[in-house]
Every structure is written in C-alpha cells, then in structure tokens.
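Secondary and tertiary structure notes
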Protein chains: 2
Amino acid sequence: MTGNSPIDFYFDFSSPYGYLASERIDGLAGKHGRAVTWRPILLGVIFRVTGQSPLTEQPLRGDYARRDFARSARLYGVRFVLPDPFPIYTLAAARAYYWLGERDPAQAKALAQGVFRAYFGEGRNMSSAQAVIDLAQSLGVDGGELAAALQDPAVKERLKAETQAAIDHGIFGSPTIVVDGEPFWGADRLDHVDRWLETGGW
Amino acid sequence: MTGNSPIDFYFDFSSPYGYLASERIDGLAGKHGRAVTWRPILLGVIFRVTGQSPLTEQPLRGDYARRDFARSARLYGVRFVLPDPFPIYTLAAARAYYWLGERDPAQAKALAQGVFRAYFGEGRNMSSAQAVIDLAQSLGVDGGELAAALQDPAVKERLKAETQAAIDHGIFGSPTIVVDGEPFWGADRLDHVDRWLETGGW
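This write-up is about the structure you can find in this document. Because the structure is a prediction, the values reported are computed rather than measured.

1. Concerning the relation of the copies chain A and chain B
Between the two copies, chain A and chain B, the superposition gives an RMSD of 0.0 Å; the rotation angle is 180° and the shift along the axis is 0.0 Å. With respect to symmetry, the two chain copies, as superposed, fit the operation of a two-fold axis. Taking the C-alpha atom as reference, chain A places Asp188(A) closest to the rotation axis, 3.4 Å from it. Both copies contact each other with a shared surface, as 100% of the interface residues of chain A are interface residues in chain B too.

Written out as structure tokens, the structure reads:
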C-alpha cells in the first residue's frame, strides 16, 4: 500500500489549524521520503456545501476553538496569534500560489508559508492583493506580473477549479491531508498521517 | 496547577467518539492518580444551541466521519461497528446512569460501559427503556425499580439539569474531558489530556 507519490495538503489560508499543520507537514512527510503538494482552497465555498460556518462564529464552539488554537500552538511550539480581523478572504493568496506554482513550485510554497506566518504568526492582515504582492516581492517575485495575474480570468478560474476538485474528492475542512487516497482531516490527525506513512495503513 | 480532583468526562451514548474515549479515559486518568466522573448528556439538546447536527447527516463530513470512526477504532484496538439505526435517542441510558449513580457509582459506570459496548461494539439498539433495563438487570440491578425510576419526574429533571449545566460550562460536543477547569474536546484530544495531567498544563 505504501508508495512514494506526493501527499496532498488541502488548506485555507485563513484556517488556524491549517497553519498549525503547515508548520509540520513537510517535515513529517520528509521523514518517510514523501513530498507534499500544497493545495489552498476556499473554505467559504465549501461551507456553502456543508452548511458549516467559521468555528469562531459558532455558539460555544467559538470560545473553545480560540482556546484550542492557542493551546495547540503552544504544544507544538508554533508562534500563534489569533489575528484581527479573523477570518479573512484569502482569494489573493490562493490565486498567487497557483500562478506562482506553475513557474516555481518552491517559491510558491515559500509564499504560502510566508502568508501563513504573516497572518497567524504576526497578525498581519493578508487578505488584500497588495499584502500578498508585497510579500511575494520580498521573495523575489515580480510584483507587476503578479498584480496582473491576480486579475487574470484564467488564474481566477484555476482556483475555482481547484476548490471544486477538492469538493469532488470529499474535502470539507482545513487542513485535510490525503495519503495514497486516504483522507485525514485536522491538524490533530498528523499523528495518524505519520503512522499511516510508516505502516501503509491499518 | 495539578491536583487530584476527578476529571469530568462528558459524552452522549450515541457518540462514536464518546465511545472511543470511554474505552481509554479511566486507564489514562488512573496513570496520573485521577478518578473520572462520567457525565452523560444529550447532544440533541446542545445541537439546538450550537446549530450543529449529527456528523453522519452532514454533506461530505458524513462520509469522512464514517471512515474516521472505524479507522480510529482500529488504531486504538477498540471493537467498533456503526450501528443501524444511528444515531439513537439516549434518554433512557442517561437517566438510568444518573439514577444508579446515586446508589452505586461503580455499577452506574459499568452500566454506561455496557451500553456503549452493546451499541457500538455489537450494534445492539440501546435506545429503548427495555434494552437499558435488560442490560442493567444483567449487572444485578432491580429491573422493576429502574423501570419506575425512568418514569420519575425527578430522574428526568436530573438529566435535563446535567445537560444544562454542561452547556453552562461551555460543553458543545462529545466527548469533552475537563481537567481542573481545562476543557478538551474530542477523542483525539486524549493525548493532550494525558500530557496536561502529566505536566499541569502548558
């Protein structure tokens, strides 16, 4: 059952648990000789299918979620603040990721990590195109090209297609990690992912 | 921060993750010299506050939940079937638990474990008063007394009060384990509970 194809890492840039997983997933996969394909999606679109809403806006669940985000981050040794505003629209970051990924996958992943760390590590609002462009420029990306790309219908369509493909694969939450077709939802499933990669399943 | 007061274990008898936690929580707490107070509640009442619904009835999430219930059970080495019907009303089991708990706490816990194992280990429908009474009788409980208790307004009121008290404490899901005021939601938080008991928090 084991293989060496990349594992898929679905997330929304506005997902605290997505951020927590993002800090650990490549190292975990690397232990088992696996690469990770990062796949940002729009949870807002998926929530229209599942009827869910952002955790922090839900009665009772919201208070717990805020506590658990911070407690989990401390446990994993990951810097974390709950940003204000939260949640945010993450269209720009996700479009930038896919556009850049066709040119330089490593740079695209660096951008994704940068967006997560700016938003959840430092509390910087990363919803605007300009915030994403500024960050991308600091990584050596041509800001003018990226600005144009963010308005390109093909780039917008790419993100829509990626989100729809995720839904078609049954993805409903962030993060979801898929190993050889087996889905694991939640930053708290990384231990299961680790064991699945080790054993090939149980 | 550490103490030796009992930890609280909130659950609904129709909760698969509650069942998975129930098979591990006493052993885990015992390692740290702690007892566990089991507190069945009615998730249906809480769902009216949170706007949630049973996982298996939710688009996309339902398919994943069924897979994760079974996969988690296999990982923990716990016998598990997804019963039919599922979910079920668990009023009778929860009322029986609190009534018996005032008389013989150890027997009440044995009844609770028996209900969980009958429903999720063997797929036996445990929603009816008769099913609960039959099981209780097999543990030495007087069936006639229990049958009368299940119709007693004070017993009914007790379960309502326990569920309301849980809501007042911010409990929204099953299982939730509370250690010295710190809540942990989910069978997948038992590792955190273990570490919290070990360290007194982080």
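2. Examining the interface of chain A and chain B
Contact residues are listed per partner, giving 32 residues for chain A and 32 residues for chain B. Both sides together, the interface formed by chain A and chain B hides about 3100 Å², and carbon and sulfur atoms give 55% of it. Inspection of the chain A/chain B interface yields 8 salt bridges. Note that Glu182(B) and Arg67(A) form a salt bridge whose closest N and O atoms lie 2.7 Å from each other. Secondary structure elements with two or more residues in the side of chain A that touches chain B: α3 (43–50), α4 (61–76), β4 (182–185) and α10 (190–199) of chain A. Per-element accounting of the side of chain A that touches chain B gives the leading share, 9 residues, to α4(A). Residue composition of the side of chain A that touches chain B, grouped by class: 15 nonpolar, 7 polar and 10 charged.

3. Concerning the packing of helix α5 (residues 91–101) of chain B against helix α9 (residues 153–168) of chain B
Residues and elements named next belong to chain B. Between α5 and α9, whose axes approach to 9 Å, the crossing angle comes to 100°. The angle between α5 and α9 places the two elements in the roughly perpendicular class. Residues Leu91, Ala94, Arg95, Tyr98 and Trp99 of α5 form the contact with α9, whose participating residues are Val155, Lys156, Arg158, Leu159 and Glu162. Of the residues that constitute the contact of α5 with α9, the class distribution is 6 nonpolar, no polar and 4 charged.

What counts, and where the lines are drawn
- Residues numbered from 1 in each chain as written.
- Chains lettered and ligands numbered in written order.
- Predicted model: local features only at pLDDT ≥ 70, side-chain atom pairs only at ≥ 80, totals over all residues.
- Heavy atoms only, no water.
- Least-squares fit on C-alpha atoms with pLDDT ≥ 70 in both.
- Contact = heavy atoms within 4.5 Å.
- Buried area = accessible area lost by both parts, 1.4 Å probe.
- Salt bridge = Lys/Arg side-chain N within 4 Å of Asp/Glu carboxyl O.
- Helix = DSSP H or I, 4+ residues; strand = E, 2+ residues; numbered from the N terminus.
- Nonpolar A, V, L, I, M, F, W, Y, C, P; charged D, E, K, R; others polar.
- Axes fitted to C-alpha atoms, helices over the stretch in contact; angles between N-to-C directions.
- Parallel < 35°, antiparallel > 145°, perpendicular 65-115°, else oblique.

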